[in-house]
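Listed below, chain by chain, are the residues.
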Amino acid sequence: MAVTVVIGSQWGDEGKGKIVDLLSDEVAVVARYQGGANAGHTICWGDQTFILHLVPSGIFHEGVSCVIGNGVVIDPVALMEEIGMIRELGYEVEGRLFISHNAHLIMPYHKKIEQAREQARDAGAIGTTGRGIGPSYVDKFARTGIRVVDLLDRDVLRRKLKASIDEKNAILKSVYGAEELDVEQIIEEYVEFDKRIDPYVTDTAAYLNQTLREGKHVLAEGAQGSLLDVDFGTYPFVTSSHPTAGGACTGLGIPPTAVDRVIGIVKAYCTRVGNGPFPTELENETGERLREVGAEFGATTGRPRRCGWLDLVALRYTAMINGFTELAITKLDVLTGIDPIEICTRYRYHDKEQTRFPAEVQTLQTVEPIFDTMPGWTEDITGAQEFGDLPKTAQRYLQFVADFMGVGISMISTGPKRSQTINGQRSKISV
Ligand code: GDP
Ligand code: IMO
Ligand code: MG
């Protein structure tokens, strides 16, 4: 049995889409296990760029099947749009895309409640993507959610929707003073999805386990990043799911014993979209430069991403939680021309140095990052095909990261395109 899990090791947007697309060549199935259309995974080949929000990043490989697992929350409107886009590009989706009957749905009232809640939080707003993710997971755990399987039975759907919308309208009106939703209009809109979604719906846990029994490989594609995990991230400035490795098992119905590779995707610097602590953030020219050169604007919301130096305190913590067996370093090219490069190796808190990543957001907001300084490079590295092609200073930077984290590097990305990658043996950095 062999499952590889691909995980964002920071606050998301590490380049998971590119790496999953590349690794898809080696597997039978690519499966998303959590999150929803809050994700924006970018894939580039030739001059074309595609952004996927729900469909796994293996979809452009004809021989690969794609699964949207039970742990994902699905916005049927966004899903149908995405399927339409993929079809228009000439890729067949039916027979290759499988959607879990147990996955929960995002409803219009989830987005509305989220919007009202964020407005009410004012300065304490999380800065969500506005895709209704949090309220949908709340309903899932409150056991009032509506699942994909409910779409397939109009009577059940009508009954559940009516009950749910009545409750949500009461909340919207009395708690937030917001406009109520039209029950009949939503019911009409959603009953339409039953025929459209039907060809894709199946028991994906059974399908994945059968695939593994046949000796085939599965790639589990995480969304968001470990520091946005609802338990292990910078709570409350997190998403409402488990992007970390354990989420792959619960979000797909595969046993932990089936996982044999856990790849941590590490951006060579650090970014964050939305609010919350970010100790190594650079609110200066270097931060601006990283944003411009790295094109750091949200793939889902278009918001400018906050940028800063690599934070090895945070990364060592996410390596512990996920048990990374290897790292893929992305966007190394964006550091070209920056000299020196700083890298955070510890925090100062109340005049004491520490290497522990604090659990409490108040502490994380006040820690002062302490940096090691490393020389940069000026050579264009986007064409490098081997580790040895990289300037010595870039090699040192990578080795420093691997040594500090205690995890080897198996891939180095030096540009958004598939070809701009140093892969396999050629990138091997061990610790
Ligand atoms: P994801 O959410 O983790 O899949 O990442 P996003 O797609 O949101 O953001 C990553 C961005 O960086 C995308 O625009 C990618 O095309 C781009 N990208 C990925 N790898 C590299 C790289 O090595 N160098 C550069 N310059 N861009 C990259
Ligand atoms: P990918 O998969 C970066 C952030 C939001 C906000 C917080 C909660 O592309 O890496 P949510 O809408 O999930 O309730 O918002 O999480 N966030 C992301 N940041 N990349 C993402 O996904 C994100 N998905 C959510 O900005 O701070
Ligand atoms: Mg993204």
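Residues numbered from 1 in each chain as written. Chains lettered and ligands numbered in written order. Predicted model: local features only at pLDDT ≥ 70, side-chain atom pairs only at ≥ 80, totals over all residues. Heavy atoms only, no water.

Participant: How would you summarise the overall build of the protein if you had to cite specific residues and measurements?
Facilitator: The helix and strand tally for the protein stands at 14 helices and 20 strands. Scaling as 2.2 N^0.38, a compact globule of 431 residues should have a C-alpha radius of gyration of about 22 Å, and the protein matches this with 22 Å. Its C-alpha atoms give the protein principal-axis dimensions of about 65 × 50 × 40 Å. Classification of the 431 residues of the protein by burial places 58% in the buried group. Counted over contacts in the protein with a minimum sequence separation of 6, partners at least 24 positions apart contribute 76%. Accessible surface computed for the protein: about 17,400 Å², of which carbon and sulfur atoms make up 49%. Averaged over its 44 positive side-chain charges, the protein has a centre that lies 3 Å from the centre of its 58 negative ones. (Helix = DSSP H or I, 4+ residues; strand = E, 2+ residues; numbered from the N terminus. Rg over C-alpha atoms; globule rule 2.2 N^0.38 Å. Buried < 20%, exposed > 50% of the residue type's maximum accessible area, 1.4 Å probe, protein only. Contact = heavy atoms within 4.5 Å. Areas by Shrake-Rupley, 256 points an atom, 1.4 Å probe, with all protein chains shown as cover. Lys, Arg positive; Asp, Glu negative; His and termini not counted. Charge placed at Lys NZ, Arg CZ, Asp CG, Glu CD.)

Participant: Could you give an account of the layout of surface pockets, with specific residues and numbers?
Facilitator: Space inside the second largest pocket adds up to approximately 260 Å³. If you trace the second largest pocket, you find 16 residues lining it, with Y137, K140, F141, S241 and H242 closest to the centre. Looking at the lining of the second largest pocket, the elements with two or more residues in it are α4 (133-141) and α10 (245-252). A total of five residues in the lining of the second largest pocket trace back to one element, the largest contributor, which is α4. (1 Å grid on protein atoms, 1.4 Å probe; cavity = no way out; pocket = protein on both sides within 12 Å on 5 of 7 lines; lining within 4 Å. Points joined across faces, edges and corners; volume = space filled by probe spheres on them.)

Participant: Before we move on, can you summarise the nonpolar core with the specific residues and values?
Facilitator: Judged by nonpolar contacts, the single largest core of 56 residues is most densely connected at L332, L335, L390, Y397, L398 and M405. Residue contributions to this core peak at seven residues, all from helix α14 (residues 392-405). Once you skip the residues sitting within four places of it in the chain, M405 turns out to touch L312, L315, A319, F324 and L327. Ranked by size, the runner-up nonpolar core spans 43 residues in total, among them W45, I68, I165 and L181. (Core = buried A, V, L, I, M, F, W, Y, C linked by side-chain atoms within 4.5 Å.)

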